Amino acid sequence: MSDLLTTTSVGTHQVRLDGPDKVRGRAPYAYEHPLTDPLYLYPLQAGIARGRTAHIDVSAAEAAEGVVYVLTADNAPELASTDDGELAILRSAEIGFRGQYLGAVIATTPERARHAAGLVEITYVQDDHDVELREDHPASREPESGSGDVRTGDVDTALAEAAVSIDERYSTPMEHNNPMEPHTTVALWDGDELTLWTSTQGVHPARATLAPILGVEQEKIRIISPHVGGGFGSKGLPHADMMLTALAAQAVPGRPVKYAVTRQQMFSITGYRAPTLQHIRLGARADGTLTAFAYDAISMSSQTKEFPEESTKPGRMMYAGDNRRLTQRVVPLDVPVPSWMRAPGEAPGMVGLEIAMDELAVAAGLDPIELRVRNDPTTDPDTGLPFNQRRLVDCLREGADRFGWEKRNPQPRTRQENGWFIGMGVASATYPAGRQPGSVARIRRTPEGYEVSIGAADLGTGTWTVLSQTAADALGVPIGQVDLRIGDTALPNATVAGGSTGLASWSTAIVSAAQELRSEHGADPAIGAEAQGEAEANPAAEKFALHSFGAHFAEVRIQPTTGEIRLDRMFGMFSAGQIVNPSTARSQLIGGMTMGVGMALHEKGELDPRFGHVVNHDLAEYHVPVNADITDIEADWLDEKDPQAGPLGARGVGEIGIVGAAAAIANAAFNATGVRVRDLPIFGDAFLPT
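Along each chain, numbering runs from 1 in the same order as the chain's sequence is written. For a predicted model such as this one, the threshold for reporting local features is a pLDDT of at least 70, and the threshold for listing and counting side-chain atom pairs is 80 or more; totals across whole chains, interfaces and linings nevertheless cover every residue. Hydrogens and water are ignored here; the side-chain numbers use all heavy atoms of the structure.

*Asks:* Just checking my understanding: could you explain the overall build of the protein for this structure?
*Replies:* Helix and strand assignments follow DSSP, with helices taken as H or I runs no shorter than four residues and strands as E runs no shorter than two, numbered in order from the N terminus. When helices and strands are counted, the protein shows 14 helices and 26 strands. C-alpha atoms define the radius of gyration, and 2.2 Å times the number of residues to the power 0.38 defines the globule rule. Its C-alpha atoms give the protein a radius of gyration of 26 Å, near enough to 26 Å, the size a compact globule of 690 residues would have. The buried share among the 690 residues of the protein stands at 61%. Note on contacts: a residue pair qualifies if any of its non-hydrogen atoms lie within 4.5 Å across the two residues. Put simply, 82% of the contacts in the protein that link residues at least 6 apart link residues at least 24 apart. Think of it in three bands: residues with accessible area under 20% of the maximum for their type are buried, residues over 50% are exposed, and the middle band is partly exposed, with areas taken using a 1.4 Å probe on protein chains only.

Here it is in structure tokens:
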């Protein structure tokens, strides 16, 4: 399947096929599936960060109107496995973080469940807790599932002998996924069979995770999720809310139980991006070429379950140098469990790295683009493999032309308009171009055309549309003859929509199924003829370093009296292989860039060390970009196909848009004011006179 697919629909603008139903309210999300006589869940959550429950008095709740059941560790169904600390809930009185589930009230209405939950009296035995990440924390250790350290050459000597060097520390804060659709699960047990209508980025992966914990065969669990209202990684793994709903429904068999996680509960239950501390030292010759690269990073994790935010990942392959040291450490604390958030590792990692490269350019007296060009490697510094298509330099140069980079004054604090300082900044972008094996597609000829089935997920990203385009071209028919079925474990297996691998993985399975159908049944199959195809591991991954690249350009204005910072315009140029649908791809790239604006200027979870919880745990106080913050933002891409990426020649675009975006804004702020901000987000007081 190395030959690229001949395309007619792929590469063209197609209106989102799911759009009309969503606009009319006909596309059912998890909570909206019509079910008979549902019950509603409201959780009981820990009010301390560490300790245990001494007593939980549920008598008043049980006597409240409409209450059907009160679930606690005393009466919760047994679990077959407790290996996953995040999902092994209601096992004991121990408390590992504030907000941990201690039980749930199940009632006939959401209001009755919430009221009764407030009647439960919980007595605690409180222990000392530790929720503060610091560089010298004694519990710091190498991640259990990390990529390992990189040590080549003599970094310290090379730094000491470098003609130009920098030695700085950077940090990124706790950030929180806030999709418009909250995490929602509806659970129904019928005998020993469980049906879940849930908001997930992968129905089959979620089932594979839950089944051994619940002690049932995978075939006994059906997960239905045709439409998902955003995820950004937070719905890529099952979290405790899904398990709590399943256990609650097990206590009331035969009746569906609904649970929509509230916005405030999301800040402690459904994952977040852990904060990072990054120490970066760069050494270079007088011409700016790197001779030494040291990148030591620490991220926060949880005592309950480890999840490392590996911010050193992009540093392993981004720039060359004979002397390199990269180390990643985690500090387990008494905090909720971190998880995936758009471009985990790469997004925070490129903040420190790309600000550091800007600082090195200033120290060397070079244009920041020229510095990156001089340090662009031809092979992957980490593996030694050649790149599939490393067109970073093309993105930088074409993006600079499109953005008007030649108007940038390299001397900070020199351009003013109406009392505002104006500055431009640039940063590189990169993300792995992966493909997961194991997805299976089934195609069946129907009187109207072809039914194409695969258990893929659409998070609002356009999966319904781009997979229909892929199938249409693979079958050689108009897109209107494709009837796509996704989002259900009753359909063939599909890997998770994560890591920008969804389209590459699922499309490979669909093309394979189309080829099998033609091979077995000819060019005009009979009604009812069907075939299956599976996506195997990409053989190119053993021969090439598979990555996408891009360049972000930002222009900001800063008011020197108040410190107010405004993003005037932003442009991203990307190399991502074949673009299947320009409309949905542009939406994905701009969405990622907008999240980068949030990283740079707005988003920070304020964790109160006294109590161990995020105090700004709603969208009134946890700031995200709004329309007024996004004035002129645009994305474009190089015209290309990647023969190493799969039959479409396409690589994912879901995450590369956020990587590097925040650094470009921070670098623009320096160009505007001469003030270097190394800790995100950038607040106005950084630019005020001290």
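*Asks:* What is the right way to read the sheet that holds strand β20 (residues 482–485) from this model?
*Replies:* By way of backbone hydrogen bonds, the strands of a sheet pair with one another, either parallel or antiparallel. Read across the sheet, four strands follow the order β20-β19-β18-β21 without closing on themselves; strand pairing throughout is mixed. The strands lining the two open edges of the sheet, one partner per strand, are β20 and β21 (530–534). Taken pair by pair, the neighbouring strands of this sheet meet at an average axis angle of 20°, ignoring direction. Pairing analysis gives five bridges linking strand β18 (residues 440–446) to β21, with the strands arranged antiparallel. Bridge pairing in β21 links V440 to E534. Structural elements are reduced to axes, namely lines fitted to C-alpha atoms, with helices fitted over the stretch in contact, and the angle between N-to-C directions of any two is expressed from 0 to 180 degrees. Along the sheet face, helix α11 (residues 463–475) touches β18, β19 (449–453) and β20 and points at about 135° away from the line of β20. Of the strands in this sheet, β18, β19 and β21 are in contact with helix α12 (residues 502–521), which crosses β21 at around 140°. Paired strands, as defined in this entry, are two strands with at least two bridges between them according to DSSP.

*Asks:* I keep staring at the packing of aromatic side chains and nothing clicks. Help me out?
*Replies:* When we look at a pair of aromatic rings, we describe it by the centre distance and by the angle of the planes. For Phe, Tyr and Trp, rings pair up if their centres lie within 6.5 Å, where Trp contributes its six-membered ring, and each pair is then called stacked (planes under 30 degrees apart), edge-to-face (over 60) or tilted (otherwise). For the structure on display, the rule yields six aromatic pairs. Look at W405 and F553: their rings are 5.9 Å apart centre to centre, the planes differ by 70°, and that puts the pair in the edge-to-face class. Here W405 is found in the loop between α10 (392–403) and β16 (416–417), whereas its partner F553 is found in strand β22 (residues 547–558), with 148 residues between them in sequence. Taking the relative accessible area as the measure of exposure, F553 reaches 0% and is therefore buried.

*Asks:* It is not clear to me how the side chain of S575 should be interpreted in this structure. Could you clarify?
*Replies:* By the secondary structure assignment, S575 is in strand β23 (residues 565–575). Beyond its immediate chain neighbours, meaning those up to four positions away, S575 contacts Q389, R391, C395, S548, F549, L638, E640 and R651.

*Asks:* What is the right way to read the pairing of strand β12 (residues 257–260) from this model?
*Replies:* Walk down a regular strand and you will see the side chains alternate between the two sheet faces. Taken together, the two bridges between strand β1 (residues 39–45) and β12 define a ladder with parallel strand orientation. Bridge pairing in β12 links Y40 to K258. Pairing geometry for strand β9 (residues 184–190) and β12, over four bridges, is antiparallel. Note on β12: the bridge partner recorded for A187 is V257.

*Asks:* Hey, could you run me through unusual backbone geometry in this one?
*Replies:* If a residue is not glycine, its phi is most likely negative; likewise, a peptide bond is most likely trans. The step from L680 to P681 runs through a cis peptide bond, and the omega angle for that step is -5°. Its location among the elements puts P681 in the segment after α14 (661–673). Within the chain, L90 stands out as a residue other than glycine whose phi angle is a positive 55°. Residue placement: L90 occurs in the loop between β3 (67–72) and β4 (94–95). Positive phi, close to 55°, is recorded for N418, a residue that is not glycine. Its location among the elements puts N418 in the loop between β16 and β17 (420–432).

*Asks:* Is there a simple way to think about the pairing of strand β2 (residues 51–57) in this case?
*Replies:* Here β2 pairs with β4 via two bridges, running antiparallel. By the bridge assignment, R52 is partnered in β4 with E94. Relative to strand β6 (residues 121–126), β2 runs antiparallel, the two being bridged by six bridges. Within the sheet, the bridge partner assigned to T53 lies in β6 and is Y124.

*Asks:* Got a minute to help me understand the pattern of salt bridges in this structure?
*Replies:* If charged atoms from side chains of opposite charge come close, those side chains can pair. Note on definitions: salt bridges are taken to be side-chain nitrogens of Lys or Arg within 4 Å of carboxyl oxygens of Asp or Glu. Inspection of the entire model under this criterion finds 48 salt bridges. Linking E640 and R391 is a salt bridge whose minimum nitrogen-to-oxygen distance equals 3.0 Å. With E640 in the loop between β26 (633–637) and α14 and R391 in the loop between α9 (368–374) and α10, this pair connects stretches of sequence that are 249 residues apart. Among the salt bridges present, the one from R566 reaches D629, with a minimum N-O distance of 3.6 Å. Residue R566 is located in strand β23, and its partner D629 is located in the loop between β25 (613–614) and β26; the two are separated by 63 residues in the primary sequence. The network of salt bridges with common partners includes R415, E417, E555, R557, D568 and R569.

*Asks:* In this structure, what is going on with the nonpolar core? I would like to understand it.
*Replies:* In summary, soluble globular proteins display a tendency toward joint burial of nonpolar side chains. Residues enter a nonpolar core if they are buried and are Ala, Val, Leu, Ile, Met, Phe, Trp, Tyr or Cys, with the set joined through side-chain atoms within 4.5 Å. Among the nonpolar cores identified, the biggest contains 89 residues, and L282, F553, M570 and I665 are the most heavily contacted of them. Counting residues per element, this core draws most heavily on helix α8 (residues 346–364), which supplies 10 residues. F553 has contacts with I369, C395, L396, G399, A400, F403, W405, G425, V426, R569, M570 and F571, leaving out every residue within four places of it along the chain. A104, M243, L244 and A248 belong to the second largest nonpolar core, which has 38 residues in total.

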